[in-house]
Amino acid sequence: MAKSSSLNVRVVEGRALPAKDVSGSSDPYCIVKVDDEVVARTATIWRSLSPFWGEEYTVHLPLDFHHLSFYVLDEDTVGHDDIIGKISLSREAITADPRGIDSWINLSRVDPDAEVQGEVCLAVQTLEDVQGRCLHCHVLQARDLAPRDISGTSDPFARVFWGSQSLETSTIKKTRFPYWDEVLELREMPGSPSPLRVELWDWDMVGKNDFLGMVEFPPQVLQHNPPNGWFRLLPFPRAEEDSGGSLGALRLKVRLTEDSVLPSQYYQPLRELLMESVLGPAEEDAASPLAVLEELTSGDCRQELATKLVKLFLGQGLTGPFLDYLTRREVARTTDPNTLFRSNSLASKSMEQFMKLVGMPYLHEVLRPVINRVFEERKYMELDPCKMDLGRTRRISFKGAPSEEHVREASLGLLTGYLGPIVDAIVGSVGRCPPAMRLAFKQLRQRVEERFSQAEHEVGQADVKYLAISGFLFLRFFAPAILTPKLFDLRDQHADPQTSRSLLLLAKAVQSIGNLGQQLGQGKELWMAPLHPFLLQSISRVRDFLDQLVDVDGKEEAGGPARALVPPSVTVREGYLLKRKEEPAGLATRFAFKKRYFRLSGETLSYSKSPEWQMCSSIPVSHIRAVERVDESAFQLPYVMQVVTQDGAGAPHTTYLQCKNVNELNQWLSALRKASAPNPDKLASCHPGAFRSGHWTCCLQAERSASGCSRTHSAVTLGDWSDPLDPDAETQMVYRQLLLGRDRLRMKFLEDSSMDTTLEAATEQGACTDALARQREAAARLLEVLTDLDQAHEEFQQQEQGKVVSGPLRP
């Protein structure tokens, strides 16, 4: 039985942070760590003591993670950034409430002695001889220790305590991965049995030694189960100090999702029920198992359910029937076309998630060139008189204070200069839009035309068929991506305030185009009027574009084989990185890294001097055995990663790449790990340093072929649109959602005989009774499947705990 674990983290905002700059303010940002591994860095909010970030991350984790930490720092242009405070959440604290954490939490001071990390490998024996009882503590090695010296390493030694005795190992200089292989012998002194404590310290020539961590074993463990293996280092036990809010607080949302995924055959009955819902006759839509499931979900759960269902049906080749089923239900219960798909129904959420999952490469191709221009040029644009900063414009131009009209004219020219290429790119992208999206929009248009063909409303029939599509494509896809490019992987960092305002104006304009100009001149934003002529000119082009978009032949094949979410040939990540030259001789480290443009697909990691360069080299993804961070001390450079490969002859090779910042590093690590996830013979350990001057810089071993000194982290990835399809994990999530609503399911459909039996599709009492019977039948079948899955989970759990004899379980 496979197990999966993912952590959803949202860093919302901060309040009452202390001022760290002479100006009386701070420039705060937040670093997120999982078990001392940096997984994310928020944007810096300049000159604010109450910053708002609103950044969200999903991290796929190994099952043995222990704690999650948030560090708030003040960014300084000169010198080191100042640490404001931290929040540390244990695994137990996160899982105490199934809904997770959603609250304000006070920051606490950062205690250097509590900032420990890494593990130590020990083998302990207790022996009896003529002199009495003695203890042999074999201190083999340690790994991933905290760097305490300015060089990014430490000089570690171990100190062992048993009763009143203590002994020390030798000191290993300049390493975070010391190898001692020393046996320390201690004699038991008279008195009660004593615990064994092993402390690790960083030796300093000047000043006191720095604490690196400790482990402790009680006498009962020493007697009955002597320690033998790797043990996580812990800080000295001490009471948690509460700063009383003097360091400020963060508002955090954290939720840990852990699942035990059964073998595929156990989920087949539930999958068949869901597939049956979308393939059945339209008159049974309201009484299908999927309709029952929709009744049980709401709010945040609905979005997560929509994502999993879309991926599940993608893997079965049934996305078209699934979306068509939801569309039929949505239009059937909508009487006013003005409100069609305006709510956060399962149909709206599913179409939105479908576009993100299938259409992200398309979105990048259409919007990235203009978005990059906006970020690089950083032009000042403003149409709202209440927000115009005339003094700022004067400081830029040095020509005196311009009039409000002058600023409006200049901003209008800049906005249309960006909007023109955006509209051109969109209306010219018919051939690049994924066929699955075009087919989904074609079905959507057909259902809307059937439902509202004879209706007389404020919105004409012609507009309804266009608005149904543009409401998704423009209002829920293009406009949000323009507003927050980082959330759609268009940029690595959030925009600064000025660029954010420019993006907001562009997003509003694209929304107006998506609304086909129906709300122009209405509402509170009359200051957008100068843009109206351009928007009205674009609307006819958008109508033609939507007509061409749905003019597609073919029908998605129902029940096709499961397939990858992203075709292997599609580029999932690209950009400039610095690549270390092969075995540079006599070159300074900085000059050994050369700028190259990299592209990653499911098949190859290729690179060349520039995006247009014809000659390129490539690394087959199938050859990748590990993708890991590299210690800063290896090359005295930050944000370096290594791609360890093995060719057909079995020869290993390591490619070193440097990124611009920690977020870009995490994104490349995640993308490469996902692309190489199916590869066999993945490495369990590797060297986080480099082999230079005849030894590894991490563990100081002199053999290039020496075994790795640190564990690999192939399971740690960032969740995003490129996550691979996993039908079993997705069905497990649907099962979990049904578990949460099982009591409501019984009460609503099976136990409550007086419930309202009015259904949208029912027009006669007989039809209503039949529909109710079908609903109850669907609910009963779902409950039966839940019972079977409950029993399978229980049997597997007992088998893992050794409570039952290993044997074949019933399929």
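Residues numbered from 1 in each chain as written. Predicted model: local features only at pLDDT ≥ 70, side-chain atom pairs only at ≥ 80, totals over all residues. Heavy atoms only, no water.

A word on the sheet that holds strand S18 (residues 593–601). Taken in spatial order, the seven strands of this open sheet run S20-S19-S18-S17-S23-S22-S21, and their pairing is antiparallel. Bordering the open sheet on either side are strand S20 (617–620) and strand S21 (624–630), each of which pairs with just one other strand. Here the strands of the sheet are splayed against their neighbours by 35 degrees on average, with no regard to which way each runs. Looking at chain direction, S21 and strand S22 (residues 640–646) are connected through six bridges and run antiparallel. (Pairing = 2+ DSSP bridges. Helix = DSSP H or I, 4+ residues; strand = E, 2+ residues; numbered from the N terminus. Axes fitted to C-alpha atoms, helices over the stretch in contact; angles between N-to-C directions.)

Quick look at the nonpolar core now. Formed by 116 residues in total, the largest nonpolar core has its most connected members in Leu-309, Leu-367, Phe-441, Phe-474, Phe-478 and Phe-545. A per-element tally of this core places helix H7 (residues 346–377) first, with 16 residues. In this structure, Leu-367 is in contact with Ile-422, Phe-478, Ala-481, Ile-482 and Leu-490, ignoring residues within four places of it in sequence. (Core = buried A, V, L, I, M, F, W, Y, C linked by side-chain atoms within 4.5 Å. Buried < 20%, exposed > 50% of the residue type's maximum accessible area, 1.4 Å probe, protein only. Contact = heavy atoms within 4.5 Å.)

Here the structure, examined in full by the defined rule, presents 15 aromatic pairs. A centroid spacing of 5.6 Å and a plane angle of 85 degrees characterise the contact between Tyr-266 and Phe-796, whose relative ring orientation is edge-to-face. Here Phe-796 lies in helix H18 (residues 765–800) and Tyr-266 lies in the loop between strand S16 (249–261) and helix H3 (268–279), a separation of 530 residues in the sequence. We note that Tyr-266, like Phe-796, is buried. The interplanar angle of 70 degrees and the centroid separation of 5.4 Å between the aromatic rings of Phe-691 and Trp-696 together place this pair among those described as edge-to-face. Every member of this aromatic cluster is reached through a ring pair, and the members are Tyr-362, Phe-474, Phe-477 and Phe-478. Lying across the ring of Tyr-29, Arg-41 places its NZ or CZ 3.7 Å from the centre. The ring centre of Tyr-576 lies 4.6 Å from the NZ or CZ of Lys-595, which sits over that ring. (Phe/Tyr/Trp six-rings, centres within 6.5 Å; stacked < 30°, edge-to-face > 60°. Lys NZ or Arg CZ within 6 Å of the ring centre and 35° of its normal.)

A separate point is the pattern of salt bridges. Applying the stated rule across the entire model yields 47 salt bridges. A salt bridge links Arg-99 to Asp-97, with the shortest nitrogen-to-oxygen separation between them at 3.2 Å. Assessed through its relative accessible area of 70%, Arg-99 is described here as exposed. With a relative accessible area of 27%, Asp-97 lands in the partly exposed category. (Salt bridge = Lys/Arg side-chain N within 4 Å of Asp/Glu carboxyl O.)

Next up on the list: the confidence of the model for the chain. Within the chain, residue pLDDT values average 86, and 89% of them lie at 70 or more. Confidence drops under pLDDT 50 across residues 556–562; counting only partners more than four residues distant or on other chains, this segment forms 16 contacts. Contacts from residues 753–764, a stretch scored under 50 in pLDDT, to residues over four places away or in other chains number 14 contacts. (pLDDT = per-residue confidence, 0-100.)

Quick look at the packing of H3 against helix H16 (residues 727–740) now. Working note: a packed helix pair is described by the angle between its axes plus the distance between those axes. The N-to-C vectors of H3 and H16 enclose an angle of 80 degrees; their axes lie 10 Å apart at closest approach. Considering the angle they form, H3 stands roughly perpendicular to H16. From H3, Leu-270, Arg-271 and Leu-274 reach across to H16, where they touch Pro-727, Asp-728, Thr-731, Val-734, Tyr-735 and Leu-738. Here the residues of the contact of H3 with H16 sort into six nonpolar, one polar and two charged. (Parallel < 35°, antiparallel > 145°, perpendicular 65-115°, else oblique. Nonpolar A, V, L, I, M, F, W, Y, C, P; charged D, E, K, R; others polar.)

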